Amino acid sequence: MPKVLIIDDSAVMRKMIQRIIQQSGFLIDEFVEAGDGKEGLEKAASSNIDLILCDWNMPNMTGIDFVKALRGSGLKSNIPVVMITTESSETRIEEAKNSGANGYLTKPFTPDQLKTKLGNYLLVK
Amino acid sequence: MALESLMESIAADIADATKTLFETMILMDLKYDDAILVDDTQIRTDVIGMVSFTGRYHGVIALFCSKKFALKIASTMLMTELTEFTNEVKDAIGEVSNMIAGNVKTKLAAQHGDMHLSIPMVIAGEGLSVTAVNNHSAVADTTLSCFSKDPWLMTPFISNNEMFNIGLLLRESTK
Ligand SMILES: [Mg+2]
């Protein structure tokens with residue numbers, strides 16, 4: 001069963017995302033959390049992650065630098081990454097996709113929007 | 001564009017972004033009124049959630065609210081009734097400020113070039129003032145010192161029978 005890594009500097013946002021995923025009935029084995037891109041890289045390397053949800057604006061290492069580092073690492077570089085961020089300009093979305101992000105969702109979002117987006121990567125019970 | 005009219009248009013974007021946020025994630029009623037200029041000596045608040053931005057224009061977008069309202073917002077976001085003002089409540093106010101400022105920034109950047117947004121900063125106390133006294137106030141030292149003479153363009157909101165405000169400080173950056 002899938003393990004999902006949620007990277008966001010807001011603990012409340014990490015909890016909200018988890019709650020929506022659980023209420024959406026997706027099959028999830030475990031949630032792993034990280035508060036910035038650096039911690040995200042460590043968690044991605046040390047556990048078998050199947051999907052990464054990643055914020056953009058974070059201290060220490062931003063989400064875009066995280067994606068670039070992950071894709072450049074060779075190791076685990078094929079895990080799907082969905083950016084979940086307030087950055088909503090076309091330029092930023094392009095930049096994320098060119099850097100290796102698979103999906104993009106802008107904050108704020110409704111539970112349905114998150115559910116639809118994650119339906120491309122997760123199975124429902 | 002004159003700074004005043006740009007500030008008016010950003011205040012309208014702030015109201016829009018806040019409305020969208022409340023409709024999607026906070027799910028509480030929301031009403032707002034026209035933005036007005038407020039001298040910082042008139043501001044008294046328990047909680048300040050602020051995000052600064054830099055680019056062709058630089059400034060601050062800050063949410064001012066009571067502890068009671070901050071608790072209500074955090075409780076709604078977490079779907080649990082919080083009664084104590086914990087770090088989680090501060091985190092929720094920081095993320096709310098971040099989501100509002102982030103969406104305002106995207107609109108601003110589309111017209112005036114790329115902008116950088118800071119990580120949100122949250123300050124909580126009782127009856128806080130944001131006035132800089134010889135620039136020694138904790139708030140003034142970090143982001144507001146250069147603005148201490150400028151009035152805030154403040155949009156008043158009402159939700160859940162509580163009033164809160166979102167203010168804007170803006171200046172054109174020197175080249
Ligand atoms: Mg963030």
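Note that this is a predicted model, so its numbers are computed, not measured.

Caption draft 1: The arrangement of the overall build of chain B in detail. The helix and strand inventory of chain B stands at 4 helices and 8 strands. Reading chain B from its N terminus to its C terminus gives the helix and strand order α-β-β-β-β-α-α-β-β-α-β-β. Across the 175 residues in chain B, those meeting the buried criterion constitute 53%. Pairs at least 24 apart in sequence give 68% of the contacts found in chain B among residues at least 6 apart.

Caption draft 2: Region of interest: the interface of chain B and chain A. Contact residues are listed per partner, giving 21 residues for chain B and 23 residues for chain A. Inspection of the chain B/chain A interface yields 4 salt bridges. When the shortest N-O distance is used, the salt bridge between K15 of chain A and E88 of chain B registers 2.6 Å. Counting the contacts that link chain B with chain A gives 10 residue pairs in polar contact (both at pLDDT 80 or more). Looking at the side of chain B that touches chain A, the elements with two or more residues in it are α1 (3-26), α2 (67-78) and α3 (87-112) of chain B. Among the elements that line the side of chain B that touches chain A, the one with the most residues is α3 of chain B, at 10 residues. Partitioned by chemical class, the residues of the side of chain B that touches chain A number 10 nonpolar, 6 polar and 5 charged.

Caption draft 3: Focus on the UniProt feature "modified residue: 4-aspartylphosphate" (unreviewed entry) in chain A. Residue and element names in this part refer to chain A. Here the UniProt feature "modified residue: 4-aspartylphosphate" (unreviewed entry) sits at D55. Of note, D55 is situated in the loop between β3 (51-54) and α3 (63-72). Non-local contacts of D55, meaning those with residues more than four positions away in its chain, are made with I7, D8, D9, G63, M83, I84, T85 and K107.

Caption draft 4: Structural detail: empty space enclosed by the protein. Residues and elements named next belong to chain B. Tallying each qualifying case throughout the model produces 2 cavities of 30 Å³ or more. Its volume calculated, the second largest cavity comes out at about 40 Å³. The wall of the second largest cavity is formed by I61, A62, L63, S97, I100 and I166. When contributions to the lining of the second largest cavity are tallied by element, the ones reaching two or more residues are β4 (57-65) and α3. When residues of the lining of the second largest cavity are assigned to their parent elements, the largest contribution, 3 residues, is made by β4.

Caption draft 5: Summary view of the coordination of the magnesium ion. Residue and element names in this part refer to chain A. Within the protein, D9 (OD), D55 (OD) and N57 (O) serve as the donor atoms for the magnesium ion, at 2.1 to 2.5 Å. As a motif over one chain, the donors of the magnesium ion read D-x45-D-x1-N. Of the two residues, D9 is situated in the loop between β1 (3-7) and α1 (11-23) and D55 in the loop between β3 and α3; the sequence distance between them amounts to 46 residues. Accessibility expressed as a relative area gives 2% for D55, which makes it buried.

Caption draft 6: The sheet that holds β1 of chain A, seen in detail. All names here are of chain A. Here we have 5 strands laid out as an open sheet, ordered β2-β1-β3-β4-β5, and parallel in their pairing. Of all the strands in the sheet, the pair left with one neighbour each is β2 (30-34) and β5 (103-106). Across the sheet, the mean angle separating the axes of adjacent strands is 20° when strand polarity is ignored. Pairing of β3 with strand β4 (residues 81-85), which is carried by 3 bridges, proceeds in the parallel orientation. Paired with L53 across the bridge in β4 is V82.

Rules of the game
- Residues numbered from 1 in each chain as written.
- Chains lettered and ligands numbered in written order.
- Predicted model: local features only at pLDDT ≥ 70, side-chain atom pairs only at ≥ 80, totals over all residues.
- Heavy atoms only, no water.
- Helix = DSSP H or I, 4+ residues; strand = E, 2+ residues; numbered from the N terminus.
- Buried < 20%, exposed > 50% of the residue type's maximum accessible area, 1.4 Å probe, protein only.
- Contact = heavy atoms within 4.5 Å.
- Salt bridge = Lys/Arg side-chain N within 4 Å of Asp/Glu carboxyl O.
- Polar contact = N/O pair within 3.5 Å; in protein donor to acceptor, adjacent residues only side chain to side chain.
- Nonpolar A, V, L, I, M, F, W, Y, C, P; charged D, E, K, R; others polar.
- UniProt positions renumbered as here; feature names shortened; annotations may be inferred.
- 1 Å grid on protein atoms, 1.4 Å probe; cavity = no way out; pocket = protein on both sides within 12 Å on 5 of 7 lines; lining within 4 Å.
- Points joined across faces, edges and corners; volume = space filled by probe spheres on them.
- Donors = N, O, S within 2.8 Å, 3.2 Å for Na, K, Ca; no water.
- Pairing = 2+ DSSP bridges.
- Axes fitted to C-alpha atoms, helices over the stretch in contact; angles between N-to-C directions.

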